[in-house]
Amino acid sequence: MWRNAARIDAATPAHRDRAVDALRAGAILGVVLGHWLVTALVADGRGLHTDSPLRHLPWLAPVSWVLQPLAVFFLVGGYVATRGHAAARVRGTSYGRWLSGRLSRLFRPVAAVLGLWTVTALLLLLSGTDEATVRTLVKLALSPLWFLLVFAALTAATPLLARLHPLWPLAVVLHVDLLRFGLGAPSWLGWINLAAGWLVPYTLGAAWARGELDRRRAGRILLAGGTAATAALVAWAGYPASMVGVPGAAVSNLNPPTLAAVTFGLAQCGLALLLRDRLRRAMRRPVAWAAVALANLSAMTVFLWHQTALMATTATGLLAGRLPGLHTPPDGLGWVAARLAWLPVFTVALAVCWAAFRSWERGGSRGHRARVVREHRPTDREIPAERGREIPAERGREIPAEAGRV
């Protein structure tokens, strides 16, 4: 393992910002753990329905502050897309070719998820499973797709958004919430924030790519300002303290995003920017960097299949009856302790999904040129950033050429 880690470390271009890959990997881990810890599928004798420990134990809301890192996803996405498009223009690559390359990496693994769950839903209905249960399972399985649709739309608009100041979409979110919650406007107006809300960290990522956020002062302002604004909105404006949706709650900070979710995202982005130097130092360790690089290579597979791993474990567990932390109501600390004990089982189930479907993310071929480069001996030559940086490799070995851009 040490030899492989050292090989990947030596093969990585010296100018690569490893902090970007570490932030993406950390955000993926946060999303997976967040869903596994706050999503409960309760068996009530008629079927399965969703619940959350945050509904029964609202004092656990701070957990959602750690395990809802979507703003970091969009921060990194804006950074990578802005740099990638700029590099494509320098090379003379057309917008269409650049965009198709990025979107194919996003949506290639989706076909497997949609195909499997279409067949699964049909089989469940034909076997007499309650329609509400089937609807619950399919909704959970496909819930990660909303992220991809928004992310793809922002990616496609990168040439127009690269110079947009984050205050503009922030102002849109502010006015939408003022109309909804202050002036009684229709609730559907909030869906404008689905684009505007995530546009804020995305344009921050573009500003980072332009070098406008290099000073630590920018990170401090975002962290302090975002934290203060979020605290004020929760304490005095009636916004929920939880940064994820809670079943039965009148308002969700995430569906669609509220002003509190956006200001909270600003604080997350500020913290991410402040952690860059520490992450860069940590990623100099070959084993740490190899783990991050390999995690990024399978980022979309893990993201798309982690809910399926949760549901597969839950369904299989029903064969043994109602199990604590898996099928029981999340109404006490006993459930929390039992759910923590189930995390290794969810991880094994996700590993099975990863082994089965990882080839979809890499284009169905281990030798896909955008991901892996083979060489006789080390070389300093690089492929342009959009198609993946070429890195040295030994004969017979495959080394990631691109740390799995999302």
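Computed from a predicted structure; not experimentally measured.

Criteria and thresholds
Numbers given to residues run from 1 along each chain, matching the order in which its sequence is written. Two thresholds apply to this predicted model, a pLDDT of at least 70 for residue-level local features and 80 or more for giving and counting side-chain atom pairs, whereas whole-chain, interface and lining totals are computed over all residues. Hydrogens and waters are ignored; side-chain quantities use all the structure's heavy atoms. Only DSSP runs of H or I covering at least 4 residues are called helices, and only runs of E covering at least 2 are called strands; the numbering of each starts at the N terminus. Three labels apply to residues, based on accessible area from a 1.4 Å probe with only protein chains included: buried if under 20% of the type maximum, exposed if over 50%, partly exposed otherwise in between. Here a residue-residue contact requires only that any non-hydrogen atoms of the pair lie within 4.5 Å. Per-residue and other accessible areas were derived by the Shrake-Rupley procedure at a 1.4 Å probe size, with only the shown protein chains allowed to occlude residues. Any residue with relative accessible area above 30% and no salt bridge may belong to a patch, with like charges joined within 9 Å and the nonpolar Val, Leu, Ile, Met, Phe, Trp and Tyr side chains within 5 Å. Whenever Lys or Arg places a side-chain nitrogen within 4 Å of a carboxyl oxygen from Asp or Glu, that contact is recorded as a salt bridge. Positive charge is attributed to Lys and Arg, negative charge to Asp and Glu, and no charge count is given to His or to the chain ends. Lys charges are placed at NZ, Arg charges at CZ, Asp charges at CG and Glu charges at CD. Nitrogen and oxygen atoms within 3.5 Å of one another constitute a polar contact, given that in protein one can donate a hydrogen and the other can accept it, and given that sequence-neighbouring residues count only through two side-chain atoms. Centres within 6.5 Å make a pair out of two Phe, Tyr or Trp rings, where for Trp the six-membered ring is used; the pair is then stacked when the planes are under 30 degrees apart, edge-to-face when over 60, and tilted otherwise. Either the NZ atom of lysine or the CZ atom of arginine qualifies as a charge over a ring when it sits within 6 Å of the ring centre and within 35 degrees of the ring normal. Confidence of the prediction at every residue is given by pLDDT, a number between 0 and 100. Residue types Ala, Val, Leu, Ile, Met, Phe, Trp, Tyr and Cys, when buried and joined through side-chain atoms within 4.5 Å, form a set referred to as a nonpolar core.

Draft legend 1. The arrangement of the overall build of the protein chain in detail. Scanning the protein chain from N- to C-terminus turns up 18 helices and four strands. Split into buried and exposed, the 406 residues of the protein chain put 52% on the buried side. Residue pairs at least 24 apart in sequence account for 75% of intrachain contacts in the protein chain once pairs closer than 6 positions are excluded. Carbon and sulfur atoms make up 64% of the accessible area of the protein chain, which amounts to about 19200 Å² in all.

Draft legend 2. Here's a closer look at a positive patch on the surface. Taken together, the side chains of Arg216, Arg220, Arg278, Arg281 and Arg284 make up a positively charged region of the molecular surface. Topologically, arginine 281 is positioned in helix 15 (residues 276-282). Using a relative accessible area of 46% as the deciding quantity, one classes arginine 281 as partly exposed.

Draft legend 3. Structural detail: the side chain of aspartate 9. Among the secondary structure elements, aspartate 9 is positioned in helix 1 (residues 2-11). Of note is the side chain of aspartate 9, whose polar atom sits 2.7 Å from the side chain of arginine 18. Apart from residues lying up to four places away in sequence, aspartate 9 is in contact with Arg18, Met283, Arg284, Pro286 and Trp289.

Draft legend 4. Looking closely at the packing of aromatic side chains. Evaluation of the coordinates by the stated rule reveals 15 aromatic pairs. Clustering of aromatic rings is evident, with ring pairs tying together Phe73, Phe74, Trp146, Phe147, Phe151, Trp198, Tyr202 and Phe303. One residue, arginine 358, lies across the ring of tryptophan 354, its end atom 4.5 Å from the ring centre.

Draft legend 5. Representation of the pattern of salt bridges. One pass over the structure, following the stated rule, counts eight salt bridges. With a shortest N-O distance of 2.8 Å, glutamate 212 and arginine 210 are connected by a salt bridge. Glutamate 212 sits in the partly exposed class, given a relative accessible area of 48%. Residue arginine 210 is classed as partly exposed on the basis of its relative accessible area, which comes to 24%. In this structure, arginine 280 engages aspartate 277 in a salt bridge whose closest nitrogen and oxygen atoms are separated by 3.0 Å. Here arginine 280 and its partner aspartate 277 are both found in helix 15, three residues apart, which amounts to about one turn of the helix.

Draft legend 6. The confidence of the model for the protein chain, seen in detail. With 88% of its residues at a pLDDT of 70 or more, the protein chain shows a mean pLDDT of 86. Below pLDDT 50 for its whole length, residues 365-406 participates in 110 contacts with residues either more than four positions away or in separate chains.

Draft legend 7. View of the nonpolar core. Counting residues in each nonpolar core, the largest one holds 101 residues, and the members touching the most others are Phe73, Phe74 and Leu304. Sort the elements by how many residues they give to this core and helix 2 (residues 18-38) lands first, with 12 residues. Once you skip the residues sitting within four places of it in the chain, phenylalanine 73 turns out to touch Arg24, Ala27, Ile28, Val31, Phe147, Phe151 and Phe303.

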